[in-house]
Amino acid sequence: MNEYRLCVMPGDGIGPEIMKEGIKALKVVEARNDVRFHLMEAAFGAAAWFETGSCCPDETWAMCDRADAIIKGTVGLSLEESRKIPVDEQPERSALLPMRRRYDTFANFRPVYLPRAFNHFSPLKPEVVGDGIDIMIIRELVGGIYFGEKETGINDEGLRYAREVLDYDERLIKRTVDVAFETATKRRRKLHNINKSNVLKSSILWTDIVMETARDFPDVEVHHMLVDAAATALCLNPGQFDVMVMENMFGDILSDQAGGILGSLGLMPSACLGPEKAYYEPSHGSAPDIAGKNVANPYSMIGSFAMMLDMSFGMREEADNLWKAMESVFAAGYSTGDLSRPGGGIRIVGTEEFGDRVADALDRTGDS
Ligand code: NAD
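What counts and what doesn't
- Residues numbered from 1 in each chain as written.
- Predicted model: local features only at pLDDT ≥ 70, side-chain atom pairs only at ≥ 80, totals over all residues.
- Heavy atoms only, no water.
- Salt bridge = Lys/Arg side-chain N within 4 Å of Asp/Glu carboxyl O.
- Helix = DSSP H or I, 4+ residues; strand = E, 2+ residues; numbered from the N terminus.
- Buried < 20%, exposed > 50% of the residue type's maximum accessible area, 1.4 Å probe, protein only.
- Near = heavy atom within 4 Å.
- Polar contact = N/O pair within 3.5 Å; in protein donor to acceptor, adjacent residues only side chain to side chain.
- Areas by Shrake-Rupley, 256 points an atom, 1.4 Å probe, with all protein chains shown as cover.
- Nonpolar A, V, L, I, M, F, W, Y, C, P; charged D, E, K, R; others polar.
- Pairing = 2+ DSSP bridges.
- Axes fitted to C-alpha atoms, helices over the stretch in contact; angles between N-to-C directions.
- Contact = heavy atoms within 4.5 Å.

A.B. asks: Looking at this structure, I do not really get the pattern of salt bridges. What am I missing?
C.D. replies: Pairs can form between side chains of opposite charge once their charged atoms are near each other. Applying the stated criterion across every chain, the model contains 25 salt bridges. The salt bridge involving R188 is made with D242; its shortest N-O contact spans 3.7 Å. Within this pair, whereas R188 is found in the loop between α7 (170–186) and β8 (190–195), its partner D242 is found in the loop between α9 (227–236) and β10 (243–246), the two being separated by 54 residues in sequence. You can call D242 buried: its relative accessible area is 0%. Taking the shortest distance from any N to any O, the salt bridge between R189 and D219 comes out at 3.0 Å. Placement of R189 in the loop between α7 and β8 and of D219 in the loop between α8 (201–214) and β9 (221–226) is noted, with a sequence separation of 30 residues between them. Overall, the relative accessible area of 42% leaves D219 in the partly exposed class.

A.B. asks: Before we go on, may I ask you to explain unusual backbone geometry in this structure?
C.D. replies: As a rule of thumb, non-glycine residues mostly have phi less than zero, and peptide bonds are mostly trans rather than cis. Phi is positive for R189, close to 60°, though the residue is something other than glycine. Backbone geometry at N294 places phi at a positive 60°, although glycine is not the residue there. Relative to the assigned elements, N294 resides in the loop between β12 (278–280) and α11 (299–311).

A.B. asks: Whenever I open this one, the site of the ligand confuses me. Can you help?
C.D. replies: In the region of the ligand, 21 residues are neighbours, and L77, E92, G285, A287 and D289 sit closest. Within the contact set of the ligand, an oxygen atom lies 2.6 Å away from a backbone nitrogen or oxygen of L77. Measuring from a nitrogen atom of the ligand, one finds a side-chain N or O atom of H284 at 3.2 Å. For the ligand, whose accessible area on its own is 810 Å², the fraction buried by protein is 71%. For the shell around the ligand, the elements supplying multiple residues, two or more each, are β3 (69–74) and α5 (91–102). Tallied by class, residues from the shell around the ligand come to nine nonpolar, seven polar and five charged.

A.B. asks: Looking at this structure, I do not really get the sheet that holds β9. What am I missing?
C.D. replies: Pairing between the strands of a sheet is mediated by backbone hydrogen bonds and can be parallel or antiparallel. The strand order across the open sheet built from 10 strands is β2-β1-β3-β12-β11-β4-β5-β10-β8-β9, with neighbouring strands paired in mixed fashion. The strands lining the two open edges of the sheet, one partner per strand, are β2 (35–41) and β9. With direction set aside, neighbouring strand axes in the sheet form an average angle of 25°. Its contacts with the sheet place helix α1 (residues 15–32) against β1 (2–11), β2 and β3, and it is angled at close to 160° to β2. With respect to the sheet, α9 is in contact with β5 (132–140), β8, β9 and β10, its orientation differing from that of β9 by roughly 105°.

Dropping the structure here:
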């Protein structure tokens, strides 16, 4: 039997609710396969700060270090609540970014997927969505302006100022670009390099490296697109994209827009891979506006579990079964309310019921 240690970090807001549904699915995976997951629950995020004075206490780091993979819910609070925590101790700055840096999880995979059968979830017209949406956003996750030097103060004119540096070197760029090309070769062999090389020198370097790397992947069709144009293109013709690669902040913003064209951020799981450790999380935040109401869509979290099964534990087939189980719940007409559109005919269910239905569907997989 294969045994794995998982560090489980439910986090803030809707994190604990959707994590529960992911673990429900994982229990079914265990029952169907010769595998055991030993779960270590760890405090992480704003709730941890209020409890322990740290968004990532030492015990959490120790558990993450020991884990074979880390599965994270969501962190963060509303703007007003966040202000109760000193700026440098807030969850993203004191826990999330340090985790990315500690495990060097540079390659962030954000699948943007809507099969044709679920075109009605999208706010875009059916003729725009066409045959459905199937994009893989590869976001560089440990460089750029989020990790560059930061400085605030009062300048010579007596004005408050803030300065943040956007820093990349060719090693950081090259390894992400390599991942993007390799991913494209396993998909439809089309890569969009999303950049801002008309303004940013970092984007010129990025694009040079894409062009150099392209020579090693002659069967991949490469397109260069400015990030602002890409934002429009995602809405007008999402079908043109297969793999999109971009630097950290562009990826943060554009992947949320991608969630928008699917119909909800609740459809956005993700995997963050480093050389030795990976962690998995929904792409979205803690959704304080809906937390505790049993309305959050757990697809993003359950999908993150599916990505973990595939990418960390080589359980490709069972990961596919889990994706199909979620699709079968949608196909039966059920969804959480975020995907409900006027005239869509969706039967709205809560977070828990959606998770129950996915677990049941997975459990029945293979029954004749
Ligand atoms: P958000 O992503 O939490 O929510 C944006 C909108 O999407 C909200 O209306 C929310 O209800 C909806 N939404 C998000 N996930 C959903 C789901 N699973 N099902 C249904 N609807 C869903 O963005 P925000 O409100 O700007 O940020 C809230 C907090 O999350 C902030 O503190 C922010 O810093 C943090 N954040 C954390 C992460 C992370 O943990 N990696 C990422 C982004 C934002």
